[in-house]
Amino acid sequence: MVGVSFLGNNAMYAQLSYEDATPVIEQIGHLPVTQVPANIESLADPELGSEVNRVFRAISERLSPPDQHFRIAIPSEWLHCYLLTVDSTLETAEKRSFLDWESSQRLGTFASRFTARYYPLGERDESEEVLAILFPGDLPEVFLEAARSARVTVQSLEPDIFVSWNNVPKSFGTRYLIKFTDQTISVSQYKAQRFLGTGLFRYSRRKGLIQYLRGSVDNSRAKAFQTTLKGLLKGEPPKQAPVWIYGNPLPRQIRMLSQSDDHYRLVSPISGWEAAVRSGEGPDRLTECQYAEAIGITRI
Amino acid sequence: MTPHFNLLDENALETAEKDVSRQQKPAGRIRTGTSDSHTAQHSSSGTVKVDSPVSEPNPGAAGEGQSHFWLWLLLLIAIAAGLGYFLYFQPSLKVEYPWPEFRISPAGIEIRYQPRGGQDFFLRTAAMTNRELDEGQTDASV
């Protein structure tokens, strides 16, 4: 099984196998990418398919032993994620119709360009919480077509924030998961393993600006996320510790904090496993967190 | 087992519904809302198509009508309890001023209000003269 993620200007990959239910990382690595869009507006670029195809071919050539089963982590910059609540007593068709209506209200005039997937999260008091993931056009088909040309099989396409969360130790408390790229920061909040919401922020390192772009949270929660981020970049301890961090590149102050302050923890996809990297040297902790998505998506 | 949200799974909602444990519903339950009362439509591929986004009330919102009913009922009970308290247990707050007097006749209408310690207030229609009022003659034939 091969996990692939797109992190900034790199495609990260990790090849895993299982020996008596024990995961073994055969190898990890990365490839530079040039035509992978950085935001949702650029996804219509026809070059995306050929670039993904090139990445799949290049990874396939490096795999040893050969492996055709790929799992892909999709950047949250390409998606809209919402938490919706629906009457659980409705029939499935009505429920879906209602969820479509709710989604369309959030997307406004752009709704017709998006495709929706709905994932039930649980029921309580005759209401059901549903995770709605919306993506422009037929994004899965781009990956499936690229995979067919490269003679590999795409088993799953999943949002990055959820697959990286698979690497965080289970806990009953509140946790933040924060992903840094060179232009964006995504913040996700969990409590007792329950997903509470996510927010995507535009980040300017040079100006130090953090601007809320979109997410599943209301304005007050987005403001709280923004405050947490600003405090984090100033080196202030978070109110609801700890904060789990990963991404590439990490801001300098974050790298320093992760080594000195226990409130800030780098996502460590390999350390928690009884796993070993068979080929090549094992990565250091700062490098290891860049593989949080590629390894997280292979977790069963 | 870690949760997976696979975008290739087009029918995650339907798959969950097929789980028998989730499909048990009490007999005779009245559903809230219908699917044809708004403008969104869903194609077989899962694309959200919107004819005209409008902000009408959502028919399928979980427990919407029921929660509003209890909210209003609670509000009414609170207002009634507060009013009763001030009327019956706070005599100092009772209204001590008399009600206005109304005199209605074919000649016109007079409203007379005499607050204690305050200035009298009269409102009368033009057909009534001061004389008529002073003499208590309100019959139109006079």
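All values reported here derive from a predicted model rather than from experimental measurement.

J.: What exactly am I supposed to notice about the sheet that holds strand β12 (residues 209-215) of chain A here?
T.: For sheets, the rule is that strands pair by backbone hydrogen bonds, running either parallel or antiparallel. Residues and elements named next belong to chain A. In space, the six strands of this open sheet follow the order β12-β11-β10-β9-β13-β14, with mixed pairing throughout. The outermost strands of the open sheet, each flanked by one partner alone, are β12 and β14 (264-266). Geometrically, the sheet is characterised by an average inter-axis angle of 25° between neighbouring strands, direction not taken into account. In terms of strand pairing, strand β11 (residues 194-204) meets β12 through six bridges, oriented antiparallel. Paired with Leu200 across the two strands is Arg214, which belongs to β12. Against the sheet, helix α5 (residues 219-234) engages β9 (174-180), β10 (184-191), β11, β12 and β13 (243-247), with an angle of about 145° to β12. Along the sheet, helix α6 (residues 252-260) contacts β9, β13 and β14; its crossing angle with β14, the most-contacted strand, is approximately 95°.

J.: For this particular structure, what's the right way to read unusual backbone geometry?
T.: Among all residues save glycine, negative phi is the norm, and among peptide bonds the norm is trans. Residue and element names in this part refer to chain A. With omega at 0°, the peptide bond leading from Ser64 into Pro65 counts as cis. Structurally, Pro65 can be placed in the loop between α1 (47-62) and β4 (69-74). Here Asn248 and Pro249 are connected by a cis peptide whose omega angle stands at -5°. Of note, Pro249 is situated in the loop between β13 and α6. The residue Glu126 is not glycine, and still its phi comes out positive at about 60°. Taking the C-beta count within 10 Å as the criterion, Glu126 has 16 such neighbours and is therefore assigned partly exposed. One non-glycine residue, Ala192, lies in positive phi territory at about 50°. The residue Ala192 is located in the loop between β10 and β11 in this model. On the basis of neighbour count, Ala192 is assigned to the exposed category, with 11 C-beta atoms found within 10 Å.

J.: What is the right way to look at the packing of α1 of chain A against helix α3 (residues 139-150) of chain A in this model?
T.: Relative orientation and spacing of two packed helices are given, respectively, by the angle between their axes and the distance between those axes. Residue and element names in this part refer to chain A. Put simply, α1 and α3 touch, their axes get as near as 8 Å, and they point 45° apart. Accordingly, the angle class assigned to the pair α1 and α3 is oblique. Pair α1 / α3 crosses with right-handed handedness. Residue-level inspection shows Leu48, Gly49, Val52, Asn53, Phe56, Arg57 and Ser60 of α1 in contact with α3, the latter providing Val142, Phe143, Glu145, Ala146, Ala147, Ser149 and Ala150. Among the residues making up the contact of α1 with α3, the classes are represented as eight nonpolar, four polar and two charged.

What counts and what doesn't
For every chain, the first residue of its written sequence is number 1, and the numbers climb from 1 along that sequence. Starting at A for chains and at 1 for ligands, labels are handed out in the order in which the entities are written. In view of the model being predicted, local features appear only for residues whose pLDDT reaches at least 70, and side-chain atom pairs are presented and counted only at 80 or more, with totals across whole chains, interfaces and linings using the full set of residues. When DSSP finds two or more bridges between a pair of strands, those strands are recorded as paired. Runs of E in the DSSP output that reach at least two residues are strands. Runs of H or I that reach at least four are helices, and both are numbered from the N terminus. Axis definition: a line fitted to C-alpha atoms, over the contacting stretch in the case of helices. Angles run 0 to 180 degrees between N-to-C directions. What counts as a contact is two residues whose backbone-derived C-beta atoms lie within 7 Å of each other. Each residue is classified by how many other C-beta atoms fall within 10 Å of its C-beta atom, where C-beta atoms are placed from the backbone; a count of 20 or more means buried, 12 or fewer means exposed, and values in between mean partly exposed. Working definition: roughly parallel below 35 degrees, roughly antiparallel above 145 degrees, roughly perpendicular at 65 to 115 degrees, and oblique for all remaining angles. In this scheme the handedness of a crossing depends on how the near helix is turned from the far one: anticlockwise by less than a right angle means left-handed, clockwise means right-handed. Three residue categories are used. Nonpolar comprises Ala, Val, Leu, Ile, Met, Phe, Trp, Tyr, Cys and Pro, charged comprises Asp, Glu, Lys and Arg, and polar comprises the others, including Gly.

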